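Below are the chains, spelled out letter by letter.
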Amino acid sequence: MEKQVECCSCKKKERSEKEYKDLVHRLNRIEGQVRGIRGMVEKDVYCTDILVQVAAVTAALNSFNRVLLGNHIKTCVIRDIKEGKEETVDELLATLQKLMK
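The following paragraphs examine the structure supplied in this document. (Residues numbered from 1 in each chain as written. Predicted model: local features only at pLDDT ≥ 70, side-chain atom pairs only at ≥ 80, totals over all residues. Heavy atoms only, no water.)

## Thoughts on the overall build of the protein
Part 1: Of regular secondary structure, the protein possesses three helices and two strands.
Part 2: Helices and strands appear in the protein in the N-to-C order β-β-α-α-α.
Part 3: Taken along its principal axes, the extent of the C-alpha atoms in the protein is 55 × 35 × 20 Å.
Part 4: Within the protein, buried positions represent 18% of all 101 residues.
Part 5: Expressed as a percentage of contacts within the protein between residues at least 6 apart in sequence, the contacts between residues at least 24 apart total 36%.
Part 6: As displayed, the protein offers around 7800 Å² of accessible surface, 58% of which is attributable to carbon and sulfur atoms.
Part 7: In the protein, 19 positive and 16 negative side-chain charges are present, and the distance between their average locations comes to 3 Å. (Helix = DSSP H or I, 4+ residues; strand = E, 2+ residues; numbered from the N terminus. Buried < 20%, exposed > 50% of the residue type's maximum accessible area, 1.4 Å probe, protein only. Contact = heavy atoms within 4.5 Å. Areas by Shrake-Rupley, 256 points an atom, 1.4 Å probe, with all protein chains shown as cover. Lys, Arg positive; Asp, Glu negative; His and termini not counted. Charge placed at Lys NZ, Arg CZ, Asp CG, Glu CD.)

Quick look at the structure:
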């Protein structure tokens, strides 16, 4: 079963069930971590303890980005280059510039 996702460019990406489940699992963990941070703030937990948890969420989001970017390059980018759609390389470079801010 393939999953399709809409994004702001209105393009769609078919993901394998394995890729879909992995990405959703990662996002669910991140969501739980963020809820935990909110709980820490609500309980007046010491600032540095919260900052350590924020760093963990940041690392998890960076890991999510690496996995998603790797999948994108291995599927969408390679497919488009094979089809002669060289503008995909420019799109990838623009995306990398946004990620590296």
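Let's pick the thread back up.
## Overview of the pattern of salt bridges
Proximity of charged atoms lets side chains of opposite charge pair with each other.
Part 1: Counted according to the given criterion, the structure contains seven salt bridges.
Part 2: Between Lys-13 and Glu-19 there is a salt bridge; the shortest N-O distance is 3.9 Å. Exposure class is identical for Lys-13 and Glu-19. Each is buried.
Part 3: We note a salt bridge from Arg-35 to Glu-31, for which the minimum N-O separation is 3.4 Å. Of this pair, Arg-35 and Glu-31 both sit in helix H1 (residues 17-42), four residues apart, roughly one helical turn.
Part 4: Connected through salt bridges with shared partners, the residues Lys-13, Arg-15 and Glu-19 form a single ionic network. (Salt bridge = Lys/Arg side-chain N within 4 Å of Asp/Glu carboxyl O.)

## Quick notes on a nonpolar patch on the surface
Part 1: A cluster of nonpolar side chains, contributed by Ile-81, Val-89 and Leu-93, occupies part of the molecular surface with about 240 Å² of accessible area.
Part 2: On the secondary structure map, Ile-81 appears in helix H2 (residues 47-82).
Part 3: The exposure class assigned to Ile-81 is partly exposed, which follows from its relative accessible area of 43%. (Patch = residues over 30% accessible without salt bridge, like charges linked within 9 Å, V, L, I, M, F, W, Y side chains within 5 Å.)

## Some thoughts on H1
Part 1: With 26 residues, H1 extends 37 Å between its outermost C-alpha atoms, agreeing within 8% with the 38 Å of an ideal straight helix rising 1.5 Å per residue.
Part 2: Of the residues making up H1, those classed as buried are Glu-19, Leu-23, Arg-26, Ile-30, Ile-37, Gly-39 and Met-40.
Part 3: Where H1 is buried, its residues contact strand S2 (12-15) and H2. (Expected span 1.5 Å × (residues − 1).)

## Here's the deal with unusual backbone geometry
Part 1: Of note in this structure, Asp-44 is not a glycine but carries a positive phi near 55 degrees.
Part 2: Tracing the chain through its elements places Asp-44 in the loop between H1 and H2.

## Focus: the nonpolar core
The nonpolar side chains of a soluble globular protein tend to be buried with one another.
Part 1: The biggest cluster of nonpolar side chains holds seven residues, and these are Leu-23, Ile-30, Ile-37, Met-40, Ile-50, Val-57 and Phe-64.
Part 2: Ranked by the residues each element gives to this core, the list is headed by H1, at four residues. (Core = buried A, V, L, I, M, F, W, Y, C linked by side-chain atoms within 4.5 Å.)

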